[in-house]
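Examination of the molecular architecture
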Amino acid sequence: MAAEDTSVSGVSGRYATALFELARDQKVVDEVKADLEKFEAMLNESADLRRLVRSPVFAADAQSKAVLAKAGIAGISANFLKVLTANRRLFAVVDVIRAYRALVARFKGEVTADVTVAETLSDKNLDALKVALKSVTGKDVALNVKVDPAIIGGLVVKLGSRMVDGSLRTKLNSIKHAMKEAG
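1. As for a nonpolar patch on the surface
- Taken together, the side chains of Ile152, Leu168, Leu172, Ile175 and Met179 define a hydrophobic patch exposed on the protein surface, amounting to about 480 Å² of accessible area.
- For Leu168, the position within the fold is in helix H8 (residues 168-182).

2. Considerations on the nonpolar core
- Residues Phe39, Leu49, Val53, Val67, Leu81, Val93 and Tyr100 are the most contacted members of the largest nonpolar core, which totals 33 residues.
- For this core, the elements supplying multiple residues, two or more each, are helix H1 (10-25), helix H2 (29-45), helix H3 (47-54), helix H4 (60-71), helix H5 (75-86) and helix H6 (93-108).
- Of the residues forming this core, the biggest block, eight residues, is contributed by H6.
- Not counting residues within four places of it along the chain, the set of residues in contact with Tyr100 comprises Ala16, Leu19, Phe20, Ala23, Val29, Val32, Lys33 and Leu36.
- Judged by nonpolar contacts, the second largest core, of nine residues, contains Val115, Leu129, Val141 and Leu143.

3. Side note on the pairing of strand E3 (residues 155-159)
- The pairing of strand E1 (residues 111-117) with E3 spans five bridges and is antiparallel. The partner of Asp114 across the bridge, within E3, is Lys158.
- Adjacent in sequence and paired antiparallel, E3 and strand E4 (residues 162-165) are bridged by two residues, among which Gly160 carries a positive phi angle near 65°.

4. Some words on the packing of H2 against H3
- Packing of H2 against H3 leaves a shortest axis separation of 5 Å and a crossing angle of 110°. Overall, the two elements H2 and H3 adopt an arrangement that is roughly perpendicular. Each of Phe39, Met42, Leu43, Asn44 and Glu45 in H2 lies in contact with H3, whose residues at this interface are Ala47, Leu49, Arg50 and Val53.
- Within the contact of H2 with H3, the residues separate by chemical class into six nonpolar, one polar and two charged.

About the thresholds
Residues numbered from 1 in each chain as written. Predicted model: local features only at pLDDT ≥ 70, side-chain atom pairs only at ≥ 80, totals over all residues. Heavy atoms only, no water. Patch = residues over 30% accessible without salt bridge, like charges linked within 9 Å, V, L, I, M, F, W, Y side chains within 5 Å. Areas by Shrake-Rupley, 256 points an atom, 1.4 Å probe, with all protein chains shown as cover. Salt bridge = Lys/Arg side-chain N within 4 Å of Asp/Glu carboxyl O. Helix = DSSP H or I, 4+ residues; strand = E, 2+ residues; numbered from the N terminus. Core = buried A, V, L, I, M, F, W, Y, C linked by side-chain atoms within 4.5 Å. Buried < 20%, exposed > 50% of the residue type's maximum accessible area, 1.4 Å probe, protein only. Contact = heavy atoms within 4.5 Å. Pairing = 2+ DSSP bridges. Axes fitted to C-alpha atoms, helices over the stretch in contact; angles between N-to-C directions. Parallel < 35°, antiparallel > 145°, perpendicular 65-115°, else oblique. Nonpolar A, V, L, I, M, F, W, Y, C, P; charged D, E, K, R; others polar.

What follows is the structure, given as structure tokens:
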């Protein structure tokens, strides 16, 4: 199953697949996904936590205690993070979360779109984007939204092998390039 999709291969794919199969068997796929997303949000907010997770300098038990104490995660998700830590694979947790998300999406018949925006989208705009993408794909679309002010405005959507770049930065670069050729 994991070999079919390059997004769930390698070490992170194996861990994500094991976690997904366990969560599916215990009928807690969504709960585990929520726990992992909560942990990912904590990583995004804390440079100290990111350093702790990525650094091989910290002992596994110190990583485990710090991670689980901060996260407030229990059950399968907590045990999974303990296994990652004990096996010295906590540095790969972001890739494991991404792979787990892909497995859940495939299980639910969803497709995932990576969306880059200049500033955080409102819930109304996110819903409109999901509806627009669903009309194109015919499937429910899960969004991985990344905020990157460097695109100035607009958005970049990557859905499978297709990418639509509607960013203001790209449009400005096109105009600049056209003006250079004309001049």
